[in-house]
Amino acid sequence: GESVGLHLPTLSVQEGDNSIINCAYSNSASDYFIWYKQESGKGPQFIIDIRSNMDKRQGQRVTVLLNKTVKHLSLQIAATQPGDSAVYFCAENIHSGGGADGLTFGKGTHLIIQP
Amino acid sequence: DSGVTQTPKHLITATGQRVTLRCSPRSGDLSVYWYQQSLDQGLQFLIQYYNGEERAKGNILERFSAQQFPDLHSELNLSSLELGDSALYFCASGSGANVLTFGAGSRLTVL
């Protein structure tokens, strides 16, 4: 089975509201986490990452929170816009020093923005 | 444009056939990764090459093989195709860090 998974397959939010996408992981050895965004017809695109020695990291309109106690990762998107409609994947890697094994992806959450 | 180029974008073939998917990594990246994306399995890591050498293997079937050439482009060969092989195949490249840059994918349809 997967060590990384997502709680909800689909999330629908109103334009302008904040979105929170959740992810659970089971491998306590994972020390690096990434969120990817995949728009229709495109490949996954890097959004933000966080290392296990941090519990929060902020980017432009996005924040990633890491709770190692409960092995939970979340992506918060502020003031959601139509362009945020996509499938969001969390991914983990246990080799923070390099991508020797690639990344393990969760199944993804489809974020739908309501006008 | 991510800088990772994949061809062909779409491919339709029949069961039992063999196809080759091609990937050119982003300039300067030595690693190439192949992923399979299907509706029920999400993104599955297949195989990684680093500077021409196989570095890691994931859930890659024996009917599938890959290689990375001296110019760093990579090819994924899929043989004895089955209906269940229909999927999006993504190539990603990296420079040694964990962040991967993905191509737009090759959509394979096996009829």
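In this report, we go over the structure that sits alongside the text.

Parameters and conventions
- Residues numbered from 1 in each chain as written.
- Chains lettered and ligands numbered in written order.
- Predicted model: local features only at pLDDT ≥ 70, side-chain atom pairs only at ≥ 80, totals over all residues.
- Heavy atoms only, no water.
- 1 Å grid on protein atoms, 1.4 Å probe; cavity = no way out; pocket = protein on both sides within 12 Å on 5 of 7 lines; lining within 4 Å.
- Points joined across faces, edges and corners; volume = space filled by probe spheres on them.
- Helix = DSSP H or I, 4+ residues; strand = E, 2+ residues; numbered from the N terminus.
- Nonpolar A, V, L, I, M, F, W, Y, C, P; charged D, E, K, R; others polar.
- Polar contact = N/O pair within 3.5 Å; in protein donor to acceptor, adjacent residues only side chain to side chain.
- Contact = heavy atoms within 4.5 Å.
- Salt bridge = Lys/Arg side-chain N within 4 Å of Asp/Glu carboxyl O.
- Pairing = 2+ DSSP bridges.
- Axes fitted to C-alpha atoms, helices over the stretch in contact; angles between N-to-C directions.
- Disulfide = S-S within 2.5 Å.
- Buried < 20%, exposed > 50% of the residue type's maximum accessible area, 1.4 Å probe, protein only.

1. Examining the layout of surface pockets
Space inside the largest pocket adds up to approximately 690 Å³. As for the largest pocket, its lining consists of 29 residues, of which A:Gln38, B:Gln37, B:Leu39, B:Leu88 and B:Arg107 are closest to the centre. Elements supplying a minimum of two residues to the lining of the largest pocket: β9 (86–93) and β11 (109–114) of chain A together with β4 (31–38) and β9 (87–94) of chain B. Split by residue class, the lining of the largest pocket holds 11 nonpolar, 13 polar and five charged.

2. Here's the deal with the side chain of B:Arg63
Residues and elements named next belong to chain B. One can find Arg63 in the loop between β6 (53–57) and β7 (64–68). A polar contact of 3.0 Å, which involves the side chain of Arg63, links it to the backbone oxygen of Ser80. Filtering out sequence-adjacent residues up to four positions away, Arg63 remains in contact with Asn77, Leu78, Ser79, Ser80, Leu81, Glu82 and Asp85.

3. Considerations on the pattern of salt bridges
Scanning all chains against the criterion turns up six salt bridges over all chains. We note a salt bridge from A:Asp84 to A:Arg61, for which the minimum N-O separation is 2.9 Å. Taken together, the positions of A:Asp84 in the loop between β8 (72–77) and β9 and A:Arg61 in the loop between β6 (56–58) and β7 (62–67) put the pair 23 residues apart, joining distant regions of the chain. Across the salt bridge formed by B:Arg26 and B:Asp29, the nearest N and O atoms sit 3.1 Å from each other. When salt bridges that share partners are traced, they join B:Arg63, B:Glu82 and B:Asp85 into one network.

4. Here's the deal with the sheet that holds strand β1 (residues 5–7) of chain B
Residues and elements named next belong to chain B. Read from one edge to the other, the open sheet built from four strands follows the order β1-β3-β8-β7, with strand pairing classed as antiparallel. Each edge of the sheet is formed by a strand with only one pairing partner; in this case those strands are β1 and β7. For this sheet the average axis-to-axis angle between neighbouring strands, irrespective of direction, equals 15°. Both β7 and strand β8 (residues 74–78) contribute to a ladder of five bridges, which runs antiparallel. Within the sheet, the bridge partner assigned to Ser65 lies in β8 and is Asn77.

5. Section: unusual backbone geometry
All names here are of chain B. With an omega dihedral of -10°, the bond running from Thr7 to Pro8 counts as a cis peptide bond. One non-glycine residue, Leu72, lies in the positive phi region at around 80°. Structurally, the position occupied by Leu72 is in the loop between β7 and β8.

6. A closer look at the state of the cysteines
Throughout the structure, instances matching the rule amount to two disulfides over all chains. With a sulfur-sulfur separation of 1.8 Å, A:Cys23 is cross-linked through a disulfide to A:Cys90. On the sign convention where negative is left-handed, the bridge of A:Cys23 and A:Cys90, at about 60° about the S-S bond, is right-handed. Remark: A:Cys90 occurs in strand β9 and A:Cys23 occurs in strand β3 (residues 19–25); sequence separation between them is 67 residues. Classification of A:Cys23 as buried rests on a relative accessible area of 1%. Judged by its relative accessible area of 0%, A:Cys90 is buried. The disulfide that involves B:Cys23 links it to B:Cys91, with 1.8 Å between the sulfurs. The sign of the S-S torsion, about -55°, decides the handedness of the disulfide formed by B:Cys23 and B:Cys91: left-handed. Taken together, the positions of B:Cys23 in strand β3 (residues 19–24) and B:Cys91 in strand β9 put the pair 68 residues apart, joining distant regions of the chain. The class for B:Cys91 is buried, based on a relative accessible area of 0%.

7. Some words on the pairing of strand β5 (residues 45–51) of chain A
All names here are of chain A. Relative to β5, strand β4 (residues 32–38) runs antiparallel, the two being bridged by six bridges. Bridge pairing in β5 links Phe33 to Ile50. Taken together, β4 and the strand that follows it, β5, pair antiparallel across an intervening segment of six residues, in which Gly41 is found at a positive phi of about 80°.

In short, geometric facts, not functional conclusions.
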